[in-house]
Amino acid sequence: MTKTRCALCFFLILLCAVALTSGAQNPQPAPPPFAVEPQSSQAQQQNYPPELLEQLAAIKAAALTDDYAYRQLAHLTENIGARPSGSLQAKAAVEYVAEELRKLGLDVHLEEVKVPHWVRGAETAQLVEFTGQAPGSAQKIVLAALGGSSSTPADGITADVVVVNTFDELKALGHDKVAGKIVLFNELFDKQKAAAGLAFVAYGEAVRYRAAGAREAAALGAVAALVRSVGSADFRLPHTGFSFPAGIPAGAVTAEDSELIAHLYSQGKVRMHLTLTPQKLPDTTSYNIIADLKGSEHPEQMVVVSGHLDSWDLGTGAIDDGAGVVAAMEAAEILQKLHLRPRRTLRVIAWMDEENGGAGSAAYTKDNSAEFPRTVAAIESDSGAAHPLGFEARMTPAAADLLRPALNVLQSIGANALRETTYPPGADISAMSEAGVPALGILQDGRTYFNYHHTAADTLDKVVPNELRENAAAMAVMGYALASTKDPLPR
Ligand SMILES: [Zn+2]
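Attention in this report is confined to the structure presented alongside it. On a predicted model such as this, the values are computed, not experimentally measured, just so you know. (Residues numbered from 1 in each chain as written. Predicted model: local features only at pLDDT ≥ 70, side-chain atom pairs only at ≥ 80, totals over all residues. Heavy atoms only, no water.)

1. A few points about the sheet that holds strand β15 (residues 417-420)
Across the sheet, which stays open at both edges, the 8 strands sit in the order β1-β10-β12-β11-β13-β16-β14-β15 with mixed pairing between neighbours. The strands lining the two open edges of the sheet, one partner per strand, are β1 (107-119) and β15. Sheet twist, expressed as the average angle between the axes of neighbouring strands with direction ignored, equals 25°. When strand β14 (residues 388-394) meets β15, the two strands line up parallel, connected through 4 bridges. Bridge pairing in β15 places Phe391 opposite Leu418. Sheet strands touched by helix α5 (residues 88-103): β1, β10 (279-293) and β12 (344-351). Its angle to β10, the strand with the most contacts, is close to 5°. (Pairing = 2+ DSSP bridges. Helix = DSSP H or I, 4+ residues; strand = E, 2+ residues; numbered from the N terminus. Axes fitted to C-alpha atoms, helices over the stretch in contact; angles between N-to-C directions. Contact = heavy atoms within 4.5 Å.)

2. Side note on the sheet that holds strand β9 (residues 270-276)
An order of β3-β2-β9-β5-β6-β7-β8-β4 is seen for the 8 strands of this open sheet, with the pairing classed as mixed. At either margin of the open sheet sits one strand with a lone partner, and together these are β3 (139-141) and β4 (143-145). Neighbouring strand axes in the sheet, compared pairwise and without regard to direction, differ in orientation by 30° on average. Here β4 pairs with strand β8 (residues 250-253) via 3 bridges, running antiparallel. Bridge pairing links Leu143 to Val253 in β8. Contacts between helix α8 (residues 199-219) and the sheet are confined to β6 (182-185), β7 (224-228) and β8, with β7 contributing the most and set at about 155° to the helix. Helix α9 (residues 255-265) contacts β2 (123-130), β3, β5 (157-164), β6, β7, β8 and β9 of the sheet and is inclined by roughly 85° relative to β5.

3. Quick look at the packing of helix α4 (residues 68-80) against helix α10 (residues 318-337)
α10 packs onto α4 with a crossing angle of 140° between their chain directions and a minimal axis gap of 8 Å. Looking at the two axes, α4 sits oblique to α10. Our pair here, α4 against α10, has a crossing hand that is right-handed. Counting all contacts with α4, which are made through Tyr68, Ala69, Gln72, Leu73, Leu76 and Thr77, the residues of α10 involved are Ala318, Gly322, Ala323, Val326, Met329, Glu330 and Glu333. When the residues that make up the contact of α4 with α10 are grouped by side-chain class, the tally is 8 nonpolar, 3 polar and 2 charged. (Parallel < 35°, antiparallel > 145°, perpendicular 65-115°, else oblique. Left-handed = near helix turned anticlockwise from the far one by under 90°. Nonpolar A, V, L, I, M, F, W, Y, C, P; charged D, E, K, R; others polar.)

4. Topic: the packing of aromatic side chains
The way to describe two aromatic rings as a pair is by their centre distance and the angle between their planes. On inspection of all chains with the given rule, the structure shows 12 aromatic pairs. On the basis of an interplanar angle of 45° and a centroid distance of 5.6 Å, the ring pair of Phe185 and Tyr209 is categorised as tilted. You can see Phe185 sitting in strand β6 and its partner Tyr209 sitting in helix α8, a full 24 residues away along the chain. Tyr209 shares its class with Phe185; the two are buried. Where Phe242 meets Phe244, the ring centres are 5.3 Å apart and the plane angle is 80°; that geometry is what we call edge-to-face. With relative accessibility at 35%, the residue Phe244 sits in the partly exposed group. Each member of the aromatic cluster is reached from another via a ring pair, and the members are Phe189, Phe200, Tyr203, Tyr449 and Phe450. For the cation-ring pair, Arg215 lies above Phe244, with the distance from its terminal atom to the ring centre recorded as 4.5 Å. Over the ring of Tyr452 we find Lys462; its NZ or CZ atom is 5.1 Å from the centre of that ring. (Phe/Tyr/Trp six-rings, centres within 6.5 Å; stacked < 30°, edge-to-face > 60°. Buried < 20%, exposed > 50% of the residue type's maximum accessible area, 1.4 Å probe, protein only. Lys NZ or Arg CZ within 6 Å of the ring centre and 35° of its normal.)

5. Focus on the coordination of the zinc ion
At 1.9 to 2.8 Å from the zinc ion lie its protein donor atoms, namely His308 (NE2), Asp320 (OD), Asp382 (OD) and Asp382 (OD). Considering all 4 donor atoms around the zinc ion, the spread of angles at the metal, 50 to 142°, places the coordination shape in the irregular class. Sequence positions of the donors to the zinc ion reduce to the motif H-x11-D-x61-D. Highlighted residues: His308 in strand β11 (residues 298-308) and Asp320 in helix α10, separated in sequence by 12 residues. For the pair His308 and Asp320, a shared accessibility class is recorded, and that class is buried. (Donors = N, O, S within 2.8 Å, 3.2 Å for Na, K, Ca; no water. Tetrahedral: all angles 85-135°; square planar, octahedral: opposite > 155°, others 65-115°.)

6. Looking at the packing of helix α3 (residues 50-63) against α10
The contact between α3 and α10 brings their axes to 10 Å, and the two run at 115°. Crossing geometry of α3 relative to α10 is assigned as right-handed. Of the residues in α10, those in contact with Ile59, Ala62 and Ala63 of α3 are Glu330, Ile334 and Leu335.

7. Details of the nonpolar core
Residues Leu101, Leu309 and Leu440 are the most contacted members of the largest nonpolar core, which totals 92 residues. In terms of residue count, the dominant contributor to this core is α10 (12 residues). (Core = buried A, V, L, I, M, F, W, Y, C linked by side-chain atoms within 4.5 Å.)

8. Observations regarding the pairing of strand β13 (residues 375-380)
With respect to burial, β13 is a largely interior element, 6 of its 6 residues being buried. Here β11 pairs with β13 via 5 bridges, running parallel. Pairing of Ser306 across the sheet is with Glu380, part of β13.

9. Overview of the pairing of β7
The buried fraction of β7 amounts to 5 of the 5 residues, a majority that puts the element mostly inside the structure. Residue alternation in β7 divides its side chains into two sets, Ala224, Leu226 and Arg228 and Ala225 and Val227, and both sets are buried. As paired elements, β6 and β7 share 4 bridges and run parallel to each other. Counted as the bridge partner of Val183 is Ala225 from β7. Bridge count for β7 against β8 is 4 bridges, and the pairing is parallel. Bridging from a neighbouring strand, Val227 pairs with Ala252 of β8.

10. Examining the side chain of Asp320
Notably, Asp320 is buried but unbridged: the nearest opposite-charge side chain belongs to Arg83, and the N-O separation is 7.9 Å. For Asp320, the side chain forms a polar contact with the side chain of His454, separated by 3.0 Å. Asp320 has contacts with His308, Asp310, Ser311, Glu355, Asp382, Tyr449, His453, His454 and Asp458, leaving out every residue within four places of it along the chain. (Lys, Arg positive; Asp, Glu negative; His and termini not counted. Salt bridge = Lys/Arg side-chain N within 4 Å of Asp/Glu carboxyl O. Polar contact = N/O pair within 3.5 Å; in protein donor to acceptor, adjacent residues only side chain to side chain.)

11. Observations regarding α4
One turn of the α-helix equals 3.6 residues, which is why residues spaced by three or four share an orientation. In this model α4 runs 17 Å from its N-terminal to its C-terminal C-alpha over 13 residues, within 8% of the 18 Å that 1.5 Å per residue would give. Those residues of α4 not exposed but buried are Tyr68, Ala69, Gln72, Leu73, Ala74, Leu76, Thr77 and Ile80. Contacts made by the buried residues of α4 are with α5, α10 and α16 (465-484). A positive phi of about 100° marks Gly81, the residue just after α4. (Expected span 1.5 Å × (residues − 1).)

So, in structure tokens, the structure goes:
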């Protein structure tokens, strides 16, 4: 018995010892994620062999010392100028870019697009009657017609103004209080959001008034519709843009003038004399430029790199969107310079008519939708030329995972962020995105973009050469990566 008890004691002691020692040998708690070296997935390793990673590093290095994109942008903005749909300059830009892409040795095809041809006329406005008005005086209002606007008679119209902040306020006024009046939508562009890096959120909230304000006002009998300019700067600049044609004159007043009108309106009657004489000319023929650098193994599969060649007419379309076009052009230029041939076709597209209705994107969809299943990815840059932070991407998580090694190559210039979206990350590639093509947009620092967007100040000097090089690097690295991985991006 004693022996047995002793044996039992010994067994228990042994058990405790084992428990204690095993406790001491327990693995340390897992280190926090930031302390762990990132592991690449099997799919990433298979698709990015060391040779491809070396090529991507060489492409980035070449882009960061290349001035091709900047020289092209200087020609588009300074020698050609504003490129609104249907204009002589848009035609000149098509011819120029197509020729430059031919010089790079690409297979260039012009795709016909019927575009609207809207031209700006006179645009003046004065407040001719308001509370506390100094005798004989008037207040000048700085404004610009919106694309698609109808015209007033040559000597203008005079009408009372009603100011609303929202569509709901307009509807609450109803036909009786709106008919015969000039409606001003005084919707704010949220500058704090823009300053905090959410410029496109602020834009999305305000731009609906520019797009649909005239239509809503016309439905209630208004004789004209004005919108507070959708932008973030305080330089009394009107921001133009697309407005659904509503059969009435439509314009954007500066933020400062919108404030003035709203403040006077809060004190009583405000009457305006408004002259806007744009013309809608017959539709004209223009073109998307499609330029292929044929793939070595799968020429039938393609990766689109793109920007839109048309611009608004007030500035010279440097940040919107000459920069996107030249970044896409440089992606091809660098591959040719480095004698790199992607496995799939790299397709450069310079889109026409993004700004005034999207006819170019619609024509491409009509003519090429049979290729969408073979379009491995589509990239568009249409958010300026400022420092790129990375990409917005609309694709499956497995596809997004395959972007990571290319993003890692861009980490040294800070362009490695990935924001997965549920919306198409580019207007011209939205139809492709809706059809299931993995879609990407370069995500630029947008904090100052809406200071200049659609204004007379969208000019070449707003583009910092080194930031444009970074954008070209992002476009070229991602374009070549997606055209060269072993497998196409999964859907
Ligand atoms: Zn644009």
